[in-house]
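Examination of the molecular architecture
Here are the chains, one letter per residue:
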Amino acid sequence: MKYADKRPYADPETAASKLVELTATTDPVQNGRIHIEKINAPFMYQHGGSGPEFGAGIKMAVERGWLELHESGTYVRLIKKEAAN
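All of the points below concern the structure found in this document. (Residues numbered from 1 in each chain as written. Predicted model: local features only at pLDDT ≥ 70, side-chain atom pairs only at ≥ 80, totals over all residues. Heavy atoms only, no water.)

A word on the overall build of the chain
Of regular secondary structure, the chain possesses three helices and three strands. Listed by position from the N terminus, the elements making up the chain come as α-β-α-α-β-β. A total of 85 residues make up the chain; the buried ones form 32% of that total. Taking contacts inside the chain between residues at least 6 apart in sequence as the whole, the part at least 24 apart equals 57%. (Helix = DSSP H or I, 4+ residues; strand = E, 2+ residues; numbered from the N terminus. Buried < 20%, exposed > 50% of the residue type's maximum accessible area, 1.4 Å probe, protein only. Contact = heavy atoms within 4.5 Å.)

Quick look at helix H1 (residues 12–24)
In this model, H1 (13 residues) spans 18 Å end to end at C-alpha, consistent with the 18 Å of a helix rising 1.5 Å per residue. Inspection of H1 places Ala15, Ala16, Lys18, Leu19, Val20, Leu22 and Thr23 among the buried residues, and these make up the whole buried set. (Expected span 1.5 Å × (residues − 1).)

A few points about unusual backbone geometry
Of note, Asn31 is a non-glycine position whose phi angle comes to about 55°, a positive value. Residue placement: Asn31 occurs in the loop between H1 and strand S1 (33–35). When its relative accessible area of 59% is taken as the criterion, Asn31 is described as exposed.

Things to note about helix H2 (residues 37–46)
Taken as a whole, H2 has its buried residues at Ile39, Pro42 and Phe43. Here the buried residues of H2 occupy an arc of 100° about the axis, which is enough to place them on one side. The inward-facing, buried residues of H2 contact H1, S1, helix H3 (51–63) and strand S3 (75–78). Looking one or two residues beyond H2, the residue adopting positive phi is Gly48, at roughly 80°. (Arc of directions from axis to C-beta.)

Digging into the nonpolar core
The biggest cluster of nonpolar side chains holds 17 residues, and the ones touching the most others in it are Leu19, Ile39, Phe43, Phe54 and Ile58. Contributions of two or more residues to this core are made by H1, H2 and H3. Every residue in contact with Leu19, bar those within four places of it in the chain, is listed here: Ile39, Phe43, Phe54, Gly57 and Ile58. (Core = buried A, V, L, I, M, F, W, Y, C linked by side-chain atoms within 4.5 Å.)

Now the structure itself:
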């Protein structure tokens, strides 16, 4: 029997922390805005996260006050860099 590997970002807090780290290292376009795809693509394709993990991470980062997500969902703003550490 083959068991599934443990997902690195199954814990929403770990995913949120990684998203804040990615946001902190991304250059904003205007007014501190960072397009969501600039953190989504690296999270999923370079770091092995999934769509649901990304969603849970964004939700937790917003709840904790680390990121601000625009109501359209097209960009985020970094509020607190400390979460990236």
